[in-house]
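These are the residues of each chain, in order.
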Amino acid sequence: MDIIRTTSELQARADRVRAEGRRIALVPTMGALHPGHISLIAHGQERADEVWVSIFVNPTQFNEASDFEGYPRTFEADVEQCRAAGAKVIFAPTADQLYPEGAQTWVEVGSLAEPLCGASRPGHFRGVTTVVSKLFLAAKPHVAVFGEKDFQQLAVIRRMTRDLGFDIDIVGGPTLREEDGVAMSSRNLRLGPVAREQATVLIRAIQGAERAVAAGECNARALLENVRKTIGEPPQATLDYAELRDPESLAEAPPTLDGPTLLALAVHFSPDPDGQGADVRLIDNRVLVPQAADTSRPSSE
Ligand code: PAF
């Protein structure tokens, strides 16, 4: 496995691999790798001859300097995990490789990037789509794999890929969870032990909504009230958003759910009372599928 630091070297490597008729899968990451990332490598290996992992904590997608500075960086351990998983290349550029002095070009997706995390974190998706475009141009992959935990990010990247005509197959990898159901995320490392226990509130809220929908509840307001109530319980949790949206367009769901509907959650956790941990924002999601029989029932609104 090789560690490549410059865009020009990566592009030359991509040209050679492509000339040999071999397919490249890229797994873009910001490091602090966990089994969820490793599962994305496995998805890449099913679809390409070589998997390349990029590790770059992208400054332009952070809204707060403290979040960028505090983002976990575990490069040596990441390298070992990539090696063990059979990745062929790690691309770990310095910032100036992707953002040369005076860079002033951005890639920005429209309305799909506006709600949910786009509303909570203005400019976030512009940073993501800009860096992902640069990674695509550097690695020239046939396939790129992203986690479904970042549901909106995946949707935005699919749209960008289509709109800009990148000849790249975008693949989503299912969310992996810890034993207690918390979605694997590099940010979990920043939670204090007490906040980490309280972080199960996201999956509990999701499962509650899922059970309600399975029992025939299709009323969006009632579903969201219960989700908000659950998330309001742990003392260190503060709701950022809980929304029901169309999984394709991300448009707001109708008052009575009439088909598969995305439940998207973002919750802030404060540091533990003894000061351990940081302010951490976690996201999670689930596509709720109302029972066909139930969707024909009149709304209780
Ligand atoms: O999902 C992430 O880790 C990042 O947003 C990505 C796609 C690597 C871009 O920096």
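Above: the structure in question.
Note that this is a predicted model, so its numbers are computed, not measured.

J.: Please clarify how the layout of surface pockets should be interpreted in this entry.
T.: To find the voids left in a structure, one rolls a probe of water-molecule size over its atoms. In this structure, the largest pocket occupies an estimated 350 Å³ of space. In terms of lining residues, the largest pocket is bounded by 14 residues, among which E64, D67, H268, D279 and R281 are the most central. At the level of secondary structure, the elements contributing two or more residues to the lining of the largest pocket comprise α3 (65-70) and β9 (280-288). Classifying every residue of the lining of the largest pocket by side-chain character gives 2 nonpolar, 4 polar and 8 charged.

J.: How should the packing of aromatic side chains be read in this particular structure?
T.: All chains considered together, the criterion is met by 5 aromatic pairs. When the ring of F62 is compared with that of F68, the centres are 5.4 Å apart and the planes differ by 65 degrees; the resulting orientation is edge-to-face. Judged by relative accessible area, which is 9%, F62 ranks as buried. An aromatic cluster is defined as three or more aromatic residues linked by ring pairs; in this entry it consists of F62, F68 and Y71. We note R73 situated over the ring of F68; from NZ or CZ to the ring centre the distance is 4.9 Å. When the ring centre of W106 is taken as origin, the NZ or CZ atom of R126, which lies over that ring, is 3.8 Å away.

J.: Just checking my understanding: could you explain the sheet that holds β9 for this structure?
T.: Hydrogen bonds between backbone groups are what pair the strands of a sheet, and the pairing can be parallel or antiparallel. Judged by pairing direction, the sheet is antiparallel, and its 3 strands sit side by side in the order β7-β8-β9 without closing on themselves. Lying at the two open borders of the sheet, with one neighbouring strand each, are β7 (237-245) and β9. Strand-to-strand twist of the sheet, defined as the mean angle between neighbouring strand axes without regard to direction, takes the value 15 degrees. Both β7 and strand β8 (residues 261-269) contribute to a ladder of 8 bridges, which runs antiparallel.

J.: Is there a simple way to explain the site of the ligand in this structure?
T.: The environment of the ligand is formed by P28, T29, M30, N58, Q61, V131, F146 and Q153. Within the side chain of Q61, one N or O atom sits 2.6 Å away from an oxygen atom of the ligand. Q153 places a polar side-chain atom, nitrogen or oxygen, 2.7 Å from an oxygen atom of the ligand. Starting from 290 Å² of accessible surface for the ligand in isolation, the protein chains cover 89%. Judged by the proximity of its atoms to the pocket grid, the ligand belongs to the largest cavity.

J.: Any chance you could explain the pattern of salt bridges here in plain terms?
T.: Opposite charge on two side chains permits them to pair, given that their charged atoms come into close proximity. Going through the model one piece at a time under the given rule, you end up with 15 salt bridges. The salt bridge partner of D67 is R121, with a shortest N-O separation of 3.9 Å. On the criterion of sequence distance, the pair formed by D67 in helix α3 and R121 in the loop between α6 (117-120) and α7 (124-139) is long-range, its members being 54 residues apart. Assessed through its relative accessible area of 15%, D67 is described here as buried. E210 is the salt-bridge partner of R286, the closest N and O atoms lying 2.9 Å from each other. With a gap of 76 residues between them, R286 in strand β9 and E210 in helix α10 (residues 201-214) connect regions that are remote in the sequence. Among the residues examined, E210 registers a relative accessible area of 30% and is labelled partly exposed. Salt bridges here are not isolated pairs; linked through shared partners, they connect D67, R121, R187 and R190.

J.: Could you clarify how one ought to interpret the sheet that holds strand β3 (residues 50-55) in this entry?
T.: Taking strand neighbours across the sheet as the criterion, the 6 strands line up as β1-β4-β3-β2-β5-β6 in an open arrangement whose pairing is parallel. The open sheet terminates on both sides in strands that have one partner only, identified here as β1 (2-4) and β6 (169-173). Strand after strand, the sheet turns through a mean of 25 degrees between neighbouring axes, direction not considered. Here strand β2 (residues 24-29) runs beside strand β5 (residues 143-147); their pairing, made up of 2 bridges, is parallel. From the neighbouring strand, A25 faces β5, where its bridge partner is V143. Most of the contacts of helix α1 (residues 7-19) go to β3, to which it runs at about 170 degrees, and overall it touches β1, β2, β3 and β4 (89-91). Here α7 sits on the sheet in contact with β2, β3, β4, β5 and β6, set at roughly 150 degrees to β2.

Basis of the calculations
Residues numbered from 1 in each chain as written. Predicted model: local features only at pLDDT ≥ 70, side-chain atom pairs only at ≥ 80, totals over all residues. Heavy atoms only, no water. 1 Å grid on protein atoms, 1.4 Å probe; cavity = no way out; pocket = protein on both sides within 12 Å on 5 of 7 lines; lining within 4 Å. Points joined across faces, edges and corners; volume = space filled by probe spheres on them. Helix = DSSP H or I, 4+ residues; strand = E, 2+ residues; numbered from the N terminus. Nonpolar A, V, L, I, M, F, W, Y, C, P; charged D, E, K, R; others polar. Phe/Tyr/Trp six-rings, centres within 6.5 Å; stacked < 30°, edge-to-face > 60°. Buried < 20%, exposed > 50% of the residue type's maximum accessible area, 1.4 Å probe, protein only. Lys NZ or Arg CZ within 6 Å of the ring centre and 35° of its normal. Pairing = 2+ DSSP bridges. Axes fitted to C-alpha atoms, helices over the stretch in contact; angles between N-to-C directions. Near = heavy atom within 4 Å. Polar contact = N/O pair within 3.5 Å; in protein donor to acceptor, adjacent residues only side chain to side chain. Areas by Shrake-Rupley, 256 points an atom, 1.4 Å probe, with all protein chains shown as cover. Sits in = over half its atoms within 2 Å of the grid points. Salt bridge = Lys/Arg side-chain N within 4 Å of Asp/Glu carboxyl O. Contact = heavy atoms within 4.5 Å.

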